[in-house]
Amino acid sequence: MIRALTRPAVVGMAAALILSACGSGERNDGNDIGDGGTAGAAEVSPECVDAELESTEIGVTDKAIVVQVSADTGAPAAPGLASGSVDAVEAWAAEVNANGGLACRQVEVKTYDSKMDPTESRNAMVSSCESAFASVGDTMLAAADSRPLAECKDQAGSETGQPQLQTLGLFANQYCNDTTYFLFGPSGDPCPAKEGKRELTGATAISDYLQAEAGGETHGMFGVSADNVSTLATSVAVFEVMANGGMKIDRMIGAKSTDTSAEYTPRATALKDDESQFVMWGAPFPGFIQLRQEAVAQGVKSVEHWLCTACYDPAFVDAAGEVGPGTVVPLSHLPFEEAEGNEELGTFTEKVKTHNLFAALAWSDGRLFEEAVNRVVEADGVNGLTRAALLEQLDGITDFTNDGMIAKTTPSAKEATVCNVFVELTDDGKWERAFPEAEGEFHCGDLGRVVIDPATAFKG
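Source: prediction; values computed, not measured. All residue numbers refer to positions counted from 1 along the written sequence of the respective chain. Reporting of local features is limited, given that this is a predicted model, to residues whose pLDDT is at least 70; pairs of side-chain atoms are given and counted only at 80 or more, and all residues count toward the totals for whole chains, interfaces and linings. Only heavy atoms go into the side-chain values, all of them from the structure, while hydrogens and water stay out.

In terms of helices and strands, the protein chain carries 13 helices and 18 strands. Across the 460 residues in the protein chain, those meeting the buried criterion constitute 60%. The numbering of helices and of strands both runs from the N terminus, where a helix is a DSSP run of H or I of at least 4 residues and a strand a run of E of at least 2. Residue burial is assigned from relative accessible area. The probe radius is 1.4 Å, only protein chains are included, and a residue is buried under 20% of its type maximum, exposed over 50%, and partly exposed in between.

Structural data, given as structure tokens:
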């Protein structure tokens, strides 16, 4: 990993995570540019002492590199949803600047509140195209139109497109955009996406874990968020891959955030009638809590494994109370509880105030951007920063792990991670590693494939 000009070199299902990163946030109109934490003495690399810096691209001056983080921080339905992404990008910039900056320049962070709204998400992309070198740590879950990125013109007037490092994506025309990079793309549709019966993909790591725990074939309920139809292909593909791996589907549940507790009564009854052995919950965690509460009320005894993709969050622990222990969550990053064993995770937990999935991915997006910039500098010098050069270097980064903090990924591949860590909530409200046992390790499965029409395969 190349970080010569910055600091020492050592350092799930996407749709199911919609409400896994709650916090507080306020709307910003896209004009907020912070100093990235430039206060205080910063290291100056020897390469920068006599460098004659130039303005080489939109968002790249002789003094600064401007990046924008666009995130759903002020959505009325979920205020503060992606505040962790903003926190992380700003903290990453401050860390970089304190260690000499990038390409002999300081990093400035511009923010935009996309409000979980398609129009605002598009406006955010337009704003970034016009004033930022790249978008870093974007978390826009309603971004249905990526043309402002794809058609973005560079300083020379060429339609190069703007580099975007996005945490999660739900819409195919977003994650399939050539200038968009995901640490972990969504399961389901390949690029370009199609309709009808087609080959879809899903990771097998969760099946591997449950098979190891159950000791053979098992059956249970699968829950998916029904708030957004774009999640269907992603979730159904994962479910069907799991079914091929021995996890029989008793039934699928489409859960909405507006569902009342009364709507969970028949769902818990179904668990009892089916004698389901597991629940695989890929929807926001409030519904998971209601299902567990109703299962207790009805005396459901058959469920031995409660898996929830969006529950690794302090808000879940507080809200779940007595029904929380025993919940198992698959993670694509190391548990925050292991910060002492991984230097980069330790830096993240120290510098970033929000500790959740969105924050972990946005911070790692910053590190990915950092590596790509340093590769440009290594190839073309400190005045070689153009969007075209950055895109070329991003395309060449493979097996990125952010120094072991996240599962191995090739951002240009836009594929789901096949590697996870599984953590379980204990009776005292603490998360403990459940699988694999060795600290710092991930379990890596395969990328399974199924041929289905998700619109008809979903039975919820």
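Don't stop here, the text continues.
Moving on: the nonpolar core. Working definition of a nonpolar core: buried Ala, Val, Leu, Ile, Met, Phe, Trp, Tyr and Cys residues. They are joined through side-chain atoms within 4.5 Å. Grouped together as the largest cluster of nonpolar side chains are 92 residues, with contacts concentrated most on Trp92, Val279, Trp281, Leu291, Phe316, Phe348 and Phe369. If you tally residues by element for this core, the top one is helix α11 (residues 357-380), at 13 residues. The contact criterion used throughout is that any non-hydrogen atoms of two residues lie within 4.5 Å. In this structure, phenylalanine 348 is in contact with Phe336, Thr354, His355, Ala359, Ala360, Trp363 and Met405, ignoring residues within four places of it in sequence. Counting 24 residues, the second largest nonpolar core, distinct from the first, contains Phe222, Val241, Met252 and Ala457.

Further remarks concern the pattern of salt bridges. Salt bridges are counted wherever a side-chain nitrogen of Lys or Arg sits within 4 Å of a carboxyl oxygen of Asp or Glu. What the rule picks out here adds up to 13 salt bridges. In this structure, the salt-bridge partner of glutamate 199 is arginine 449, at a minimum N-O distance of 3.7 Å. On the criterion of sequence distance, the pair formed by glutamate 199 in strand β9 (residues 198-203) and arginine 449 in strand β18 (residues 447-452) is long-range, its members being 250 residues apart. Taking the relative accessible area as the measure of exposure, glutamate 199 reaches 42% and is therefore partly exposed. Among the residues examined, arginine 449 registers a relative accessible area of 48% and is labelled partly exposed.

So, about the side chain of glutamine 162. Summarising the element assignment, glutamine 162 is placed in the loop between α3 (147-150) and β7 (164-166). Given a relative accessible area of 0%, glutamine 162 falls into the buried group. Side-chain atoms alone can form a polar contact between residues adjacent in sequence; in general such a contact is a pair of N or O atoms within 3.5 Å, and within protein one must be able to donate a hydrogen while the other accepts it. Of the polar contacts made by the side chain of glutamine 162, one reaches the backbone oxygen of serine 128; its length is 2.9 Å. Residues within four places of glutamine 162 in sequence aside, it is in contact with Met125, Ser128, Cys129, Ala132, Phe133, Ala134, Ser135, Leu149, Cys152, Thr179 and Arg387.

For Phe, Tyr and Trp, rings pair up if their centres lie within 6.5 Å, where Trp contributes its six-membered ring, and each pair is then called stacked (planes under 30 degrees apart), edge-to-face (over 60) or tilted (otherwise). Tallied over the full model, the rule gives 16 aromatic pairs. For the pair phenylalanine 133 and phenylalanine 369, a centre-to-centre distance of 6.1 Å together with 70° between the ring planes defines the contact as edge-to-face. With a gap of 236 residues between them, phenylalanine 133 in the loop between α2 (118-131) and β6 (134-138) and phenylalanine 369 in helix α11 connect regions that are remote in the sequence. When the centroid spacing of 6.3 Å and the interplanar angle of 50° are considered together, the rings of tyrosine 264 and tryptophan 281 count as tilted. Within this pair, whereas tyrosine 264 is found in the loop between β11 (247-255) and α7 (265-274), its partner tryptophan 281 is found in strand β12 (residues 278-282), the two being separated by 17 residues in sequence. In terms of burial, tyrosine 264 and tryptophan 281 fall into one category: buried. Grouped by ring-pair contacts, the aromatic residues Phe285, Phe288, Trp306, Tyr312, Phe316, Phe336, Phe348, Trp363 and Trp431 constitute a single cluster. Counting as a charge over the ring demands two things of the Lys NZ or Arg CZ atom: a distance within 6 Å of the ring centre and an angle within 35 degrees of the ring normal. One residue, arginine 267, lies across the ring of tyrosine 264, its end atom 4.7 Å from the ring centre. A cation over a ring is seen here: lysine 414 above tyrosine 181, with NZ or CZ 5.7 Å from the ring centre.

Count a disulfide wherever a pair of cysteine sulfur atoms falls within 2.5 Å. As enumerated under the stated definition, the model contains four disulfides in all. Here cysteine 129 is linked by a disulfide to cysteine 152, with a sulfur-sulfur distance of 2.2 Å. With the S-S dihedral at roughly 100°, the linkage between cysteine 129 and cysteine 152 falls on the right-handed side. Here cysteine 152 lies in the loop between α3 and β7 and cysteine 129 lies in helix α2, a separation of 23 residues in the sequence. As far as burial versus exposure is concerned, cysteine 129 and cysteine 152 are alike and both buried.

Let us now look at a negative patch on the surface. Taken together, the side chains of Glu213, Glu424, Asp427, Asp428 and Glu432 present a region of like negative charge at the surface. Take glutamate 432: it is sitting in strand β16 (residues 431-435). Residues forming no salt bridge and having over 30% relative accessible area are the ones grouped into patches, like charges within 9 Å of each other and nonpolar side chains (Val, Leu, Ile, Met, Phe, Trp, Tyr) within 5 Å. For the area figures, the Shrake-Rupley method with a 1.4 Å probe applies, and any residue is considered shielded solely by the protein chains shown. Neither His nor the chain ends contribute to the count of charged residues, in which Lys and Arg are positive and Asp and Glu negative. Working definition for charges: the position is that of NZ of Lys, CZ of Arg, CG of Asp or CD of Glu.

With that settled, the discussion passes to the pairing of β9. Burial of β9 is extensive: five of the six residues sit out of reach of the surface. Strand pairing requires that DSSP identify at least two bridges connecting the strands. Here β9 runs beside β18; their pairing, made up of six bridges, is antiparallel. Pairing of alanine 203 across the sheet is with leucine 447, part of β18.

Now for unusual backbone geometry. Trans peptide bonds make up most of the peptide bonds, and negative phi angles are found at most residues other than glycine. For the peptide bond that leads from phenylalanine 435 to proline 436, omega is -10°, which places it in the cis range. Here proline 436 lies in the loop between β16 and β17 (443-444). The backbone phi angle of methionine 116 is positive, close to 55°, even though this residue is not glycine. Among the secondary structure elements, methionine 116 is positioned in the loop between β5 (106-113) and α2. Of the residues examined, methionine 116 reaches a relative accessible area of 27% and is grouped as partly exposed. We note that lysine 414 has phi near 55°; this positive angle belongs to a residue other than glycine. Along the chain, the position of lysine 414 falls in the loop between α12 (387-395) and β15 (419-425). With relative accessibility at 12%, the residue lysine 414 sits in the buried group.

Looking now at the confidence of the model for the protein chain. Close inspection of predicted coordinates is inappropriate in any region flagged by low pLDDT. The quantity known as pLDDT measures the predictor's confidence residue by residue, on a range of 0 to 100. Taken residue by residue, the protein chain gives an average pLDDT of 87. The fraction at 70 or more is 89%. In this model residues 1-31 is a low-confidence stretch, pLDDT under 50, and it forms 114 contacts with partners more than four residues away in sequence or in other chains. Note that pLDDT drops below 50 for residues 37-41; the model gives that stretch five contacts with residues more than four away or on any other chain.

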